[in-house]
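# Notes for the structure review
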Amino acid sequence: MTEQRRAIGIIRVSRVRGREGESFASPAEQRERIGQACKREGLRLVGDHEELDVSGGATLDRREGLSAAVEAIEAGRADTIVVAYFDRLFRSMRVQADVLERIERAGGHVLAVDVGTVGEATAAEWLSASMHGMMSEYYKRQIGEKSVAAQRRAVKRGVPPLANIPPGYKRGPDKKLVLVPAEVPVVQEAFRMRAAGATLKEVCAYMNAHGVPRTWRSTQSLLASPVVLGEIHFGDMFLPASDPAAHRAIIDRPTFEQVQRLIVPRGRRAKSERLLARLGVLRCGTCGGKMSVGSRNKPIKTTGEHGHYPMYRCSPTSACPQRVAISAEKVEEFVHKRMREQLADKKGTADAARAAREAQQELAAAESDREGYAQVFGGRGDLDSAKDRLRELDEAVAAAQARVDQLGDGATMTMTLSGGRLWDEGTLDEKRALIRARITEITVAPGRGDKRIKVKTVGG
């Protein structure tokens, strides 16, 4: 008896509004057509992958569902990829050629319900697949060209093709921007606050308190948006505020430019000289996330002027319910003290390379334990004790891997100890290497004082 072939469905919907083909190829309809085709072809549907808000022209590394399906066929877990419509699978000739080559090399197949078998094994299959692929990509390119042309016409009319309209504005009946009188003074004050040195957090809090709900990120976007100047920028399209079709400005240019000078442009960050920067050991005691270097802008008591105070803080864009921040000098002095205590009156070698080798050995041992147990008991999926033990071993492997990642190879960080002198006289890189070798985690809980700082050392 021939074993039933296993199929994986691909369900894709682009994030495109108003296109008939996309609008009617709903996930429910695609899933139904795939199921019916599998029954008709004698295929056993073992699963499907949804790709929602994913373009058919995206590269394979951005097509998580399709990539997973291809890998399943290469691993022998499935035999056929099934899709309701050809264009749900491919809108790129390059991706199509890559996917078909990999699937056919693995002995798999592709079935599009609307066109049949898709492949390149024979000249006829190659011709059919190529023709359908070209038409699919042509349609995508044509839609893109029409969309750009429509956007250019909209900008010329003074209609910004934006999904998110900044507060202070709304779309009028003609889709142009008109003022929202209740929000305009709030937005204007937000810009004045920021220009005077207020933090993004303070500006965000002000807007929320005055009836204009904003997140930290959307506040940042507002303060960088030239829309408030009466301008429209979209790609390479530009409509100046002086154009008769432009909307009214609510922020003057000097104030806007002053705010922009406070915004650090994106790019490669300079290497921080803070002791704990980017070591990955400093963690928020609330959410466990990594804390990063920042600064707090507040008045200096003696002069009344604003000064910048270095801080370590939980990411302001995270979902942490109670973000933690602490003075950089305070937590670093705490670490200085702890490291001096560890190194005092000790002689010998603090060998970060040795710590790294030990971590590698622990990882190898954990992986060996996990692999050996899985071979003996992994197949007994009905035994709760076996599953629990495998889970414990997986966690041990993950912890060992994290330790290896933290230490690196440590090959250049061998240092000679001489009591507490090493720590005070060591370079920044040497101190960081010692921290990696001796400290696994530093957590900072909400509150005040040193008691909220907890240090977890190697073996502790």
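Please read all numbers here as calculations on a predicted model, not as lab measurements.

Moving on, we come to the side chain of Arg63. With respect to the secondary-structure elements, Arg63 resides in the loop between strand E2 (44-52) and helix H3 (64-74). The residues touching Arg63, leaving out its near neighbours within four places in the chain, are Ile10, Arg12, Glu51, Val54, Ser55, Gly56, Ala58, Arg88 and Leu89.

This part is about the confidence of the model for the chain. Averaged over all residues, the pLDDT of the chain is 79; the fraction at 70 or higher stands at 74%. Residue range residues 16-24 is modelled with pLDDT below 50. Its contacts to residues more than four positions away, or to other chains, number 10 contacts. Contacts of residues 378-383 to residues separated by more than four positions or lying in other chains number five contacts, the stretch itself having pLDDT below 50.

Most of strand E1 (residues 6-13) is tucked away, with eight of its eight residues classed as buried. The alternating pattern of E1 places Arg6, Ile8, Ile10 and Arg12 on one face and Ala7, Gly9, Ile11 and Val13 on the opposite face, and all of these are buried.

Let us look at the sheet that holds strand E17 (residues 453-457). One key point about sheets: their strands pair by backbone hydrogen bonds, in either a parallel or an antiparallel sense. If you walk across this open sheet you meet the three strands as E10-E16-E17, and the pairing is mixed. The sheet is open, and its two borders are formed by strand E10 (282-284) and E17, each paired with just one other strand. On average, each strand axis in the sheet is tilted by 25° relative to the strand beside it, whichever way the strands run. The pairing of strand E16 (residues 439-444) with E17 spans five bridges and is antiparallel. Bridge pairing in E17 links Glu441 to Lys456.

Counted at 1.5 Å a residue, the expected span for helix H7 (residues 184-195) with its 12 residues is 16 Å, and the 17 Å between its end C-alpha atoms agrees. What H7 keeps buried is the set Val184, Val186, Val187, Ala190, Phe191, Met193 and Arg194. Against strand E7 (177-179), helix H8 (200-209), helix H9 (216-223) and helix H10 (253-260) lie the buried residues of H7.

The next thing to look at is H3. Residues of H3 that are buried: Gly65, Leu66, Ser67, Ala69, Val70, Ala72 and Ile73. In this structure, the buried residues of H3 make contact with E1, E2, strand E3 (80-83), helix H4 (86-89), helix H5 (93-105) and strand E4 (109-112). Phi for Gly76, located one or two positions after H3, is positive at around 85°.

Another point: the nonpolar core. Grouped together as the largest cluster of nonpolar side chains are 26 residues, with contacts concentrated most on Leu276, Leu282, Met291, Tyr312, Ile435 and Ile442. Broken down by secondary-structure element, the contributors of at least two residues to this core are E10, strand E12 (306-314), helix H11 (328-343), helix H15 (428-438), E16 and E17. Leu276 has contacts with Leu282, Tyr312, Val331, Glu332, Val335, Ile435 and Ile442, leaving out every residue within four places of it along the chain. Core analysis: the next-biggest nonpolar cluster, separate from the first, contains 23 residues, Tyr169, Met193, Leu200 and Val228 among them.

With that settled, the discussion passes to the pairing of E4. Of the strand pairs in this sheet, E3 and E4 are connected by four bridges, and their pairing is parallel. Counterpart to Ile81 in the pairing with E4 is Val110. The antiparallel hairpin formed by E4 and strand E5 (residues 116-118) contains three residues in its connecting segment.

Moving on to unusual backbone geometry. At Lys175, a position not held by glycine, the phi torsion is positive, near 75°. Judged by relative accessible area, which is 49%, Lys175 ranks as partly exposed.

Looking now at the side chain of Gln96. Along the chain, Gln96 turns up in helix H5. What Gln96 contacts, discounting residues up to four positions off in sequence, is Phe86, Phe90, Ala129, Ser130 and Gly133.

A few words on the sheet that holds E5. Reading across from one edge, E2-E1-E3-E4-E5 is the order of the five strands in this open sheet, with mixed pairing throughout. The open sheet has two edge strands, E2 and E5, and neither has a second partner. Each adjacent strand pair in this sheet contributes to an overall mean axis angle of 30°, direction not counted. Alignment of E1 against E2, held across eight bridges, turns out to be parallel. Within E2, the position partnered with Arg6 by the bridge is Arg44. Its contacts with the sheet place helix H2 (residues 27-41) against E1, E2, E3 and E4, and it is angled at close to 160° to E1.

The rules we used
Residues numbered from 1 in each chain as written. Predicted model: local features only at pLDDT ≥ 70, side-chain atom pairs only at ≥ 80, totals over all residues. Heavy atoms only, no water. Helix = DSSP H or I, 4+ residues; strand = E, 2+ residues; numbered from the N terminus. Contact = heavy atoms within 4.5 Å. pLDDT = per-residue confidence, 0-100. Buried < 20%, exposed > 50% of the residue type's maximum accessible area, 1.4 Å probe, protein only. Pairing = 2+ DSSP bridges. Axes fitted to C-alpha atoms, helices over the stretch in contact; angles between N-to-C directions. Expected span 1.5 Å × (residues − 1). Core = buried A, V, L, I, M, F, W, Y, C linked by side-chain atoms within 4.5 Å.

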